[in-house]
Amino acid sequence: MSCGAASIDLKIGLFSIGLDAYWPQFPGLKEQLLKHSQRVAERLGRPRVQVVDLGLIDTPEKAFAAGHQFRQADVDLIFLHVTTYALSSTVLPVVRRARVPVIILNLSPAAAIDYEKFNRLGDPTKMTGEWLAHCQACSVPEIANVFSRCGIPFFQVTGMLENDSTAWNEVQEWVDAARVAHTMEHNRLGVMGHYYGGMLDIYSDLTQHCAYFGGHVEILEVDELASLRREVTDAAIRQRVEDFHDVFDVQPDCSKEELERASRTSVALDRFVEIHHLGSLAYYYQGTGNAENEDAISSIILGTSLLTARGIPVAGEYEIKNAQAMKILDCFGAGGSFTEYYAVDYNDDVILMGHDGPGHLAIAEGKTKVRPLQTYHGKVGRGLSVEMSLRHGPVTVLSVVQKVDGKLELLMAEGECVPGPVLEIGNTNSRFRFSVGARRFMNEWNMQGPAHHCAVGVGHIASKLKRLGALLHMNCVQVF
């Protein structure tokens, strides 16, 4: 899975802190701490991530310079590595000037001081120097106090420099969340058509989406897609039909005419996305009274499914909030398929969830089927549709919710996609089980006021979503 990565690499700032008064007092201490700092820099390195490492900051003067450097480097996130006790005056100027989220790394070089070896040193100066090499925790309350009083949000990772999977998994999750925030910041979300009339819950404030997620919203015309369909060659149509047979389980009752119609639209969609540099799309249109527009919209499902699987999620019914949720899940590598409540199986205590329209082929259980439908329920036209179930195993459900005050929040839950009978009606459809049971889950989920649509991805990633929410200053609610 790909999330349509931004063209610019994620930039992570790193600086370590110490106290310059210590260096002449305790020979070798600075060199020891620099090694710890270098180790952190090494462990932060990843593909498509630039680590802007400013080394050891041990005076207020260096702190002011570091703040300017981070700002000039346009870092997305800062890791503050506490190597020993340091004055908060070596921290505040850096973070104030950079104005990006900061993670405090409170990482000890070992699980514990070797007390016996330490006490055998005999020399109080050497002993103090060794203690200071393990004194990371000392200045964290001071830094937290100053950040709190200055209104600067901050986050912490507490643990060990080595042999601590808990701490480094937290670091990884912060990097993952920053990468998703970075992609959303640069994403171009296309909106094509209009809302499904009367679905009051899906109406949303585009300005709030730009405020929380960044990015750009491109308002698009269905007429352009219809125009692009006219330019598709017969050779391109034949090739896309072959692609369909490779990717999908095309059922025998799918006519050649419908496959070619869907192929024409799929090729045109790819060009449409390319022209507008889209990373996601929300659409709905009827096209009544305009044959070309209706033809385009009624043959769009296979093409939008291919786009979704390529990391360009497409949400039907002009559900902009859900296009954002799908994009977020896909950027975390979890997929992100459009879904809603379908029915409840109280015998098995599962909720059937799915939707018509596009499905995320990359997270399907087996090969996705293509079926012909004589009518699209609640929509104009007929044509080919996809039928898939989500991959069996752990799943995360995500909704972007717009609250009464207009603010956006993330609503999430972790569950399991389980095998069993589903509705074979040419739609996506899966069976989800939640630890609290179907009744309680629905009551608690609905109480948060989400739209009736949500996105679902594979794996349990609520902890990552919460970190993303923290970076975006969004409230997060998890239904357990």
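Bear in mind that the values here come from a model prediction, so they are computed numbers and not experimental data.

About the criteria used
- Residues numbered from 1 in each chain as written.
- Predicted model: local features only at pLDDT ≥ 70, side-chain atom pairs only at ≥ 80, totals over all residues.
- Heavy atoms only, no water.
- Helix = DSSP H or I, 4+ residues; strand = E, 2+ residues; numbered from the N terminus.
- Buried < 20%, exposed > 50% of the residue type's maximum accessible area, 1.4 Å probe, protein only.
- Contact = heavy atoms within 4.5 Å.
- Areas by Shrake-Rupley, 256 points an atom, 1.4 Å probe, with all protein chains shown as cover.
- Lys, Arg positive; Asp, Glu negative; His and termini not counted.
- Charge placed at Lys NZ, Arg CZ, Asp CG, Glu CD.
- Pairing = 2+ DSSP bridges.
- Phe/Tyr/Trp six-rings, centres within 6.5 Å; stacked < 30°, edge-to-face > 60°.
- Salt bridge = Lys/Arg side-chain N within 4 Å of Asp/Glu carboxyl O.
- 1 Å grid on protein atoms, 1.4 Å probe; cavity = no way out; pocket = protein on both sides within 12 Å on 5 of 7 lines; lining within 4 Å.
- Points joined across faces, edges and corners; volume = space filled by probe spheres on them.
- Nonpolar A, V, L, I, M, F, W, Y, C, P; charged D, E, K, R; others polar.
- Arc of directions from axis to C-beta.
- Axes fitted to C-alpha atoms, helices over the stretch in contact; angles between N-to-C directions.

## Quick notes on the overall build of the protein
So, point 1. Scanning the protein from terminus to terminus reveals 17 helices and 19 strands.
So, point 2. Across the 480 residues in the protein, those meeting the buried criterion constitute 56%.
So, point 3. Look at the contacts in the protein between residues 6 or more apart in sequence, and 79% of them connect residues 24 or more apart.
So, point 4. In the form shown here, the protein has an accessible surface area of approximately 20,100 Å², with 50% of it arising from carbon and sulfur atoms.
So, point 5. Treating the 44 positive side-chain charges of the protein as one cloud and the 57 negative ones as another, the clouds have centres 4 Å apart.

## What about the pairing of strand 15 (residues 393–402)?
So, point 1. Among the 10 residues in strand 15, eight count as buried, and that is most of the element.
So, point 2. Pairing between strand 15 and strand 16 (residues 408–418): 10 bridges, direction antiparallel. Across the sheet, residue Val397 finds its bridge partner in strand 16, namely Ala413.
So, point 3. Where strand 15 folds back on strand 16, the antiparallel hairpin that results is connected by five residues, among which Gly406 adopts a positive phi of roughly 90 degrees.

## Side note on the sheet that holds strand 8 (residues 249–250)
So, point 1. Taken together, the three strands give an open sheet; going across it, the order is 8-13-14, and neighbouring strands pair in mixed fashion. The open sheet has two free edges, formed respectively by strand 8 and strand 14 (383–387), since each of these has just one partner strand.

## Overview of the packing of aromatic side chains
Two measures describe an aromatic ring pair: the distance that separates the ring centres and the angle between the ring planes.
So, point 1. Inspection of every chain in the model, using the stated rule, returns 10 aromatic pairs.
So, point 2. For the ring pair Phe147 and Phe154, a centre distance of 5.7 Å and an interplane angle of 50 degrees mean the geometry is tilted.
So, point 3. In this structure Phe147 comes out as buried when scored by relative accessible area, which is 1%.
So, point 4. Here the aromatic cluster, defined as three or more aromatic residues joined through ring pairs, consists of Tyr195, Tyr203 and Tyr318.

## Observations regarding the pattern of salt bridges
So, point 1. Applying the stated criterion to the full structure yields 27 salt bridges.
So, point 2. Glu42 is the salt-bridge partner of Arg39, the closest N and O atoms lying 3.4 Å from each other. Pair noted here: Arg39 and Glu42 are both in helix 2 (residues 29–44), with a separation of three residues, about one helical turn.
So, point 3. Residue classification places Glu42 among the partly exposed positions, given a relative accessible area of 47%.
So, point 4. In this structure, Glu258 and Arg261 form a salt bridge, with 3.0 Å as the shortest nitrogen-oxygen distance. Of this pair, Glu258 and Arg261 are both found in helix 12 (residues 256–276), three residues apart, which corresponds to roughly one turn of the helix.
So, point 5. Classification of Glu258 as buried rests on a relative accessible area of 7%.

## Here's the deal with empty space enclosed by the protein
So, point 1. Scanning the entire structure with this criterion turns up three cavities of 30 Å³ or more.
So, point 2. Around the largest cavity sit 17 residues that line it, and Tyr283, Ile297, Ile301, Asp356 and Lys379 are the ones nearest its centre.
So, point 3. Breaking the lining of the largest cavity down by element, the ones donating at least two residues are strand 9 (280–284) and helix 13 (291–298).
So, point 4. Of the residues belonging to the lining of the largest cavity, the class tally is 10 nonpolar, four polar and three charged.

## Examining helix 7 (residues 140–149)
So, point 1. If you check which residues of helix 7 are buried, you get Val140, Ile143, Ala144, Val146 and Phe147. The buried side chains of helix 7 occupy one side of the element, clustering within an arc of 165 degrees when seen end-on. The outward face of helix 7, more than 90 degrees from its buried face, is lined by the exposed residues Pro141 and Arg149.
So, point 2. Elements that come into contact with the buried residues of helix 7 comprise strand 1 (10–17), strand 3 (77–82), helix 4 (92–98), strand 4 (102–108) and strand 5 (154–160).

## Comments concerning the sheet that holds strand 1
So, point 1. Sheet architecture is open: five strands sit in the order 2-1-3-4-5, paired in parallel fashion. Only two strands of the sheet have a single neighbouring strand rather than two, namely strand 2 (49–57) and strand 5. For this sheet, the mean inter-axis angle between neighbouring strands, taken without regard to orientation, is 20 degrees.
So, point 2. Of the pairings in the sheet, the one linking strand 3 to strand 4 comprises four bridges and is parallel in character. For Phe79, the partnering residue across the bridge sits in strand 4 and is Ile103.

Note that every value here comes from positions in space, so none of it alone points to a role or purpose.
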